[in-house]
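Descriptive analysis of the structure
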Protein chains: 2
Amino acid sequence: MCELLGMSANVPTDICFSFTGLMQRGGKTGPHRDGWGITFYEGKGFRTFKDPNPSCQSKIAEWVQNYPIKSCAVVSHIRQANRGGVNLENTHPFTRELWGRYWTFAHNGQLSGYLDMDTGRTRPVGQTDSELAFCWLLNEMEEKFPEPPQDMIGVFQFVAARCGVLKEKGVFNMLLSDGEYVMAYCTNHLYWITRRAPFGKATLIDEDVTINFQEETTPNDIVSVIATQPLTDNENWHRMKPGEYGLFHFGELIDGNAAQLHDVPFAAAKPGNQAPTEPLE
Amino acid sequence: MCELLGMSANVPTDICFSFTGLMQRGGKTGPHRDGWGITFYEGKGFRTFKDPNPSCQSKIAEWVQNYPIKSCAVVSHIRQANRGGVNLENTHPFTRELWGRYWTFAHNGQLSGYLDMDTGRTRPVGQTDSELAFCWLLNEMEEKFPEPPQDMIGVFQFVAARCGVLKEKGVFNMLLSDGEYVMAYCTNHLYWITRRAPFGKATLIDEDVTINFQEETTPNDIVSVIATQPLTDNENWHRMKPGEYGLFHFGELIDGNAAQLHDVPFAAAKPGNQAPTEPLE
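Residues numbered from 1 in each chain as written. Chains lettered and ligands numbered in written order. Predicted model: local features only at pLDDT ≥ 70, side-chain atom pairs only at ≥ 80, totals over all residues. Heavy atoms only, no water.

Moving on, we come to the overall build of chain A. Counting its secondary structure elements, chain A contains five helices and 15 strands. Against the compact-globule benchmark of 19 Å for 281 residues, chain A has a radius of gyration of 17 Å, which places it among compact chains. When its C-alpha atoms are laid out on the principal axes, chain A stretches across 50 × 45 × 30 Å. Considering chain A as a whole, with its 281 residues, one finds that 62% of them fall into the buried category. Within chain A, contacts between residues at least 6 apart in sequence are counted, and of these 69% link residues at least 24 apart. Of the roughly 10,300 Å² of accessible surface on chain A, a fraction of 48% belongs to carbon and sulfur atoms. Of the charged side chains in chain A, 24 are positive and 34 negative, and the gap between their average positions amounts to 3 Å. (Helix = DSSP H or I, 4+ residues; strand = E, 2+ residues; numbered from the N terminus. Rg over C-alpha atoms; globule rule 2.2 N^0.38 Å. Buried < 20%, exposed > 50% of the residue type's maximum accessible area, 1.4 Å probe, protein only. Contact = heavy atoms within 4.5 Å. Areas by Shrake-Rupley, 256 points an atom, 1.4 Å probe, with all protein chains shown as cover. Lys, Arg positive; Asp, Glu negative; His and termini not counted. Charge placed at Lys NZ, Arg CZ, Asp CG, Glu CD.)

Below you can see the structure in the form of structure tokens.
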């Protein structure tokens, strides 16, 4: 299997702390030796660093850990291959354009009976079930909305419903971003946390590193992190349930289908609007 | 304007030497301060490093110069913006998937009267004439060949013919690669050189660096480099003419429309087959 890491923030934020924890699981504290990748959005553009080598030994991973690239939307992945060879074209995340936006996708899990899924003219380049599922989702999105849609929350709700089809084919934990929104879909292992003022200290599980977020942030910062397993051992991570999806926008969880979310009103989907701190936080 | 750099090789080769020369022109020996980017193919996959900051000051550019990434197909670009703001989404090269391959494009020049060109469902993300031209070319390619074609040389000949339409709209020097082939199209400034045994020494124009290729290569290596301006001052670079295109495959020029090319038979399009050394070399 693999591990996922995503971030959504209301101000450009570096992910060095969480990324350092994740990279240890790429062959050191975890078995995910078959490559790693990370995509940072900057405006409508993005930059991706990836490598089919184990992240704990990767020079590029070391460079990314030490060079604070700031972003409001990040998708990262470390791989333990099950479908498709260990090479660059099979290394997540995958990015494709749709509706004049770049969409980035990473998957944790394994699918069966997926080879006959119709991806239309969006063809996979590599051999993974993951990239094929991504191409299928993009094709479904384009069939449903041939012209660029205005209601992006509606788009993500549609994607969540289609993820239900993929869930029937195996394990499908996913992160998907268009650079503005970060969507998480869970079939078994996915956790999230939203950090906001008053900030405290956090300690990585996988490496002897503690960070004092108060020194690194301003009082208005809101940052959500989504991961396959919690990355810190002194914070409360929310565990997602099978079939649950969550949509993050500039740091806030703004939509989802978890039971608790329907008990409280959602904040409007724009930066600076605080979502209820309970039970989201 | 901008500067282009491309490479095609029959064995994975690092481009550190040529890239070091190009990066000096990004704000030091040249005025191209508005970003830089480089795409390396590895198999069917690729990795891109890019930055909207001047290359001569970029930490990522420094890292790429010092870390030898080996590839058989490379496309690079430094930018002096004329259409579209200085930001990541407007930074070349651009990469999109078509027919299950990743296509990478970089452009030097400036177009007029391009806004009404039909890009179909392949939409630009940024605001440059270059990305719009790329999307238009991809759409033309897909309209002409709805299913993945077998004859790739025929595809590039079709692209060269469509480049003639873009040439009518201004200056259009272009590099295009699918990871296996590297195509160059010229409207005014584009040079190329093929290096093969016996290798000699080369001295960069823009930086006080000399390389002895004999120490860095094996006798079977064949490497072609394409650039807006020659990068070395002690080698013979071939100048391309307006409307000329050249197609490189594993280091060799295998197709093109220059008059001299039609005087000699072409080598078959597979690695190891030597093209005639005169007048190509």
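After that view, the rundown keeps rolling.
This part is about the side chain of Thr104 of chain B. Residues and elements named next belong to chain B. Here Thr104 is to be found in strand β6 (residues 101–111). There is a polar contact of 2.9 Å between the side chain of Thr104 and the side chain of Thr95. If near-sequence neighbours (up to four positions away) are discounted, Thr104 is found in contact with Thr39, Tyr41, Val75, Pro93, Phe94, Thr95, Leu175, Leu176 and Ser177. (Polar contact = N/O pair within 3.5 Å; in protein donor to acceptor, adjacent residues only side chain to side chain.)

Bringing the packing of aromatic side chains into the picture now. Counted by the stated rule, this structure contains 34 aromatic pairs over all chains. With a centroid separation of 4.5 Å and 25° between ring planes, the pair formed by Trp63 of chain A and Tyr67 of chain A is classed as stacked. A relative accessible area of 15% places Trp63 of chain A in the buried class. Using a relative accessible area of 27% as the deciding quantity, one classes Tyr67 of chain A as partly exposed. On the numbers, 6.0 Å between centres and 85° between planes, the contact of Trp99 of chain B with Phe145 of chain B is edge-to-face. Placement of Trp99 of chain B in the loop between β5 (94–98) and β6 and of Phe145 of chain B in the loop between α3 (129–144) and α4 (152–167) is noted, with a sequence separation of 46 residues between them. Here the aromatic cluster, defined as three or more aromatic residues joined through ring pairs, consists of Phe40, Phe49, Trp63 and Tyr67 of chain A together with Phe40, Phe49, Trp63 and Tyr67 of chain B. (Phe/Tyr/Trp six-rings, centres within 6.5 Å; stacked < 30°, edge-to-face > 60°.)

To continue, consider the UniProt feature "domain: Glutamine amidotransferase type-2" (unreviewed entry) in chain A. Residues annotated by UniProt as "domain: Glutamine amidotransferase type-2" (unreviewed entry) correspond here to residues 2–251 of chain A. Helix makes up 21% of residues 2–251 of chain A and strand 35%, with an end-to-end C-alpha separation of 24 Å. (UniProt positions renumbered as here; feature names shortened; annotations may be inferred.)

Another aspect to go through is helix α4 (residues 152–167) of chain A. All names here are of chain A. In a regular helix each residue adds 1.5 Å, so 16 residues correspond to 22 Å; α4 covers 22 Å between its end C-alpha atoms and thus fits that length. For α4, the secondary structure elements touched by its buried residues are β6 (101–111), α3 (129–144), β7 (170–177), β8 (181–185) and β14 (245–249). For α4, the capping residue at the N-terminal end is Asp151, with a side-chain oxygen 3.3 Å from the backbone nitrogen of Ile153. (Expected span 1.5 Å × (residues − 1).)

With that out of the way, let us pick up the packing of helix α1 (residues 16–24) of chain B against helix α2 (residues 59–66) of chain B. For any two helices packed against each other, the geometry is given by the interaxial angle and the distance between the axes. Residues and elements named next belong to chain B. Here α1 crosses α2 at 155°, and the two axes come no closer than 9 Å. The orientation of α1 relative to α2 falls into the category roughly antiparallel. In this structure, α1 contributes Cys16, Phe19, Thr20, Met23 and Gln24 to the contact, and α2 contributes Ala61, Val64 and Gln65. Each residue belonging to the contact of α1 with α2 can be placed in one class, and the counts come to five nonpolar, three polar and no charged. (Axes fitted to C-alpha atoms, helices over the stretch in contact; angles between N-to-C directions. Parallel < 35°, antiparallel > 145°, perpendicular 65-115°, else oblique. Nonpolar A, V, L, I, M, F, W, Y, C, P; charged D, E, K, R; others polar.)

Moving on, we get to the nonpolar core. Membership of the largest hydrophobic core comes to 62 residues, with the highest contact counts inside it found for Trp36 and Phe49 of chain A together with Trp36 and Phe49 of chain B. Non-local contacts of Phe49 of chain A, meaning those with residues more than four positions away in its chain, are made with Trp36, Gly37, Ile38, Phe40, Ile60, Trp63, Val64 and Ile69 of chain A together with Phe49 and Ile60 of chain B. (Core = buried A, V, L, I, M, F, W, Y, C linked by side-chain atoms within 4.5 Å.)

Its rotation angle being 180°, the transformation that places chain A on chain B also includes 0.0 Å of axial translation and leaves an RMSD of 0.0 Å. The transformation relating the two chain copies, once decomposed into turn and shift, fits a two-fold axis. Interface overlap between copies is the fraction of interface residues in one copy that are interface residues in the other; for chain A against chain B it reaches 100%, indicating a shared surface. (Least-squares fit on C-alpha atoms with pLDDT ≥ 70 in both.)

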